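Okay, here's what each chain looks like letter by letter:
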Amino acid sequence: MILRSITKHVKDQNWFAVFLDFLIVVVGVFVGIQVSNWNQTRTEHNRANDYLERISTNLKTDVKTYNSRMDFWKQVTDFGLVSLSFAENQEQSNLSGWDLLLSFFQASQTAEFYIENTTYSELTSAGELGLIENVAIRNMIAKYYSAYGNFVLTERPKYRENIRGFIPIDVQNYIWMNCYSTDTESIQTLLPCQSPISEEKTIEILSEIVTEVELIRQLRYWISTMNIATLISRAQILNAQKLIDLIQVELSHQEKSQ
């Protein structure tokens with residue numbers, strides 16, 4: 001319709017009308033482009049906010065998991081320290097042989113930590129990290145997730161494999177059934193339990209264990225590793241919580257500006 005109008009005005013040599021027609025076309029195109037850009041910007045902001053909300057949820061999961069893991073590592077470390085003290089001093093104190101043997105076994109337990117990075121992986125694989133306009137938050141997110149592959153948090157020590165070679169399989173099966181439990185969220189619990197074997201048999205197994213110098217070295221290493229894992233986890237909890245707070249402020253600001 002506008003083309004027909006321009007053609008008519010050109011034939012009539014009504015140049016002012018031609019100018020108005022062109023102006024209408026230009027303004028219409030400009031407005032259309034601006035509306036399209038505005039819609040795209042709004043869509044990108046919404047997607048960025050969705051990513052931030054999901055990352056915040058992932059971070060809260062990480063904090064909960066870190067705390068759970070640290071509690072478990074503390075239990076395992078305590079068993080390890082009891083075992084190490086006996087191996088180094090050859091004194092049972094007020095503990096029975098079974099208490100000591102159980103300590104050696106429970107000191108081999110692991111609770112691996114894997115960061116919840118599904119949203120970050122989706123964000124980076126799609127090349128959309130730039131959607132997050134706040135540079136400070138974007139840099140903190142990248143820094144936080146770049147540290148998630150720390151080997152210390154997922155290590156399975158040699159001690160775990162070797163100590164279980166000294167303990168009879170029927171005793172190990174008993175421990176799994178009576179001295180250990182886990183729930184649907186993979187929260188592990190180490191339980192007290194009665195001995196399934198005689199004290200004499202227990203002392204016999206312990207005597208063999210404490211003569212293995214390399215095994216005791218591995219136990220020292222594993223205790224040290226869990227202490228390091230705890231230090232890393234505490235630092236990561238602080239980083240996660242700071243990031244959660246920054247994201248919350250950013251989302252609140254975005255909500256107010258809309």
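Higher on the page you've got the structure.
Predicted model, so just to flag it, every value in this text is computed and none were measured.

## Focus on the side chain of Asn58
One can find Asn58 in helix 2 (residues 15–89). What makes Asn58 buried here is its relative accessible area of 8%. Ignoring sequence-local partners within four residues, the contact set of Asn58 consists of Glu116, Thr118, Thr119 and Tyr145.

## Considerations on the environment of Leu84
Turning to its location among the elements, Leu84 is positioned in helix 2. Linking Leu84 and Ser103, residues 19 residues apart in sequence, is a C-alpha distance of 9.5 Å. Setting aside its immediate chain neighbours within four residues, Leu84 contacts Ile216, Leu219, Arg220 and Ile223.

## Focus: the state of the cysteines
The term disulfide refers to a covalent linkage connecting the sulfur atoms of a pair of cysteines. Taken as a whole, this structure holds one disulfide when the rule is applied. Paired by a disulfide, Cys179 and Cys193 hold their sulfur atoms 1.9 Å apart. Disulfide Cys179-Cys193: the torsion about the S-S bond is 90 degrees, which places it as right-handed. With a gap of 14 residues between them, Cys179 in the loop between helix 7 (169–178) and strand 1 (180–182) and Cys193 in the loop between strand 2 (188–190) and helix 8 (199–210) connect regions that are remote in the sequence. Each member of the pair Cys179 and Cys193 is classed as buried.

## Re the packing of helix 3 (residues 97–106) against helix 7
At their nearest, the axes of helix 3 and helix 7 sit 12 Å apart, and the two run at 80 degrees to each other. With respect to helix 7, the axis of helix 3 lies roughly perpendicular. Packed against helix 3, whose contacting residues are Trp98, Leu102, Phe105 and Gln106, the element helix 7 presents Val171, Gln172, Tyr174, Ile175 and Trp176 at the interface.

## So, helix 7
Residues Val171, Gln172 and Ile175 constitute the buried set of helix 7. The buried residues of helix 7 all sit within an arc of 100 degrees when viewed along its axis, so they share a single face. Residues of helix 7 that are exposed and point more than 90 degrees away from the buried face comprise Ile169, Asp170 and Met177. Where helix 7 is buried, its residues touch helix 3 and strand 1.

## What about the packing of helix 3 against helix 8?
It is the contact of helix 3 with helix 8, at a shortest axis distance of 9 Å, that shows an interaxial angle of 45 degrees. As the angle between them shows, helix 3 and helix 8 are arranged oblique. In terms of crossing hand, the pair formed by helix 3 and helix 8 is left-handed. Here helix 3 contributes Gly97, Trp98, Leu100, Leu101 and Phe104 to the contact with helix 8, which in turn contributes Glu199, Thr202, Ile203, Ile205, Leu206, Ile209 and Val210. Looking at the contact of helix 3 with helix 8, its residues break down into nine nonpolar, two polar and one charged.

## Thoughts on helix 8
Taking 1.5 Å as the rise per residue, helix 8 with twelve residues should run 16 Å; its terminal C-alpha atoms sit 16 Å apart, in good agreement. Residues Thr202, Ile205, Leu206, Ile209 and Val210 constitute the buried set of helix 8. For helix 8, the buried positions fall inside an angular range of 130 degrees around the axis, keeping them on one side.

## Things to note about the side chain of Gln218
Here Gln218 shows up in helix 9 (residues 213–257). A relative accessible area of 11% places Gln218 in the buried class. Not counting the four nearest positions on each side in its chain, Gln218 is found in contact with Lys158, Tyr159 and Asn162.

## Some points on the nonpolar core
Among the nonpolar cores identified, the biggest contains 61 residues, and Leu59, Phe104 and Ile141 are the most heavily contacted of them. Elements supplying a minimum of two residues to this core: helix 2, helix 3, helix 4 (118–125), helix 5 (135–146), helix 6 (158–163), helix 7, helix 8 and helix 9. Here this core gets 14 residues from one element, more than from any other, and that element is helix 2.

## Re the packing of aromatic side chains
One pass over the structure, following the stated rule, counts six aromatic pairs. Between Trp98 and Tyr174, the ring centres sit 6.2 Å apart and the planes meet at 70 degrees, which makes this aromatic pair edge-to-face. Placement of Trp98 in helix 3 and of Tyr174 in helix 7 is noted, with a sequence separation of 76 residues between them. On the accessibility criterion, Trp98 (3% relative accessible area) is buried. On the numbers, 4.5 Å between centres and 5 degrees between planes, the contact of Tyr120 with Tyr145 is stacked. You can see Tyr120 sitting in helix 4 and its partner Tyr145 sitting in helix 5, a full 25 residues away along the chain. With respect to class, Tyr120 is no different from Tyr145; both count as buried. A connected cluster of aromatic rings, assembled from ring pairs, spans Phe105, Trp176 and Tyr180.

Thresholds, definitions, all that
Residues numbered from 1 in each chain as written. Predicted model: local features only at pLDDT ≥ 70, side-chain atom pairs only at ≥ 80, totals over all residues. Heavy atoms only, no water. Helix = DSSP H or I, 4+ residues; strand = E, 2+ residues; numbered from the N terminus. Buried < 20%, exposed > 50% of the residue type's maximum accessible area, 1.4 Å probe, protein only. Contact = heavy atoms within 4.5 Å. Disulfide = S-S within 2.5 Å. Axes fitted to C-alpha atoms, helices over the stretch in contact; angles between N-to-C directions. Parallel < 35°, antiparallel > 145°, perpendicular 65-115°, else oblique. Arc of directions from axis to C-beta. Left-handed = near helix turned anticlockwise from the far one by under 90°. Nonpolar A, V, L, I, M, F, W, Y, C, P; charged D, E, K, R; others polar. Expected span 1.5 Å × (residues − 1). Core = buried A, V, L, I, M, F, W, Y, C linked by side-chain atoms within 4.5 Å. Phe/Tyr/Trp six-rings, centres within 6.5 Å; stacked < 30°, edge-to-face > 60°.

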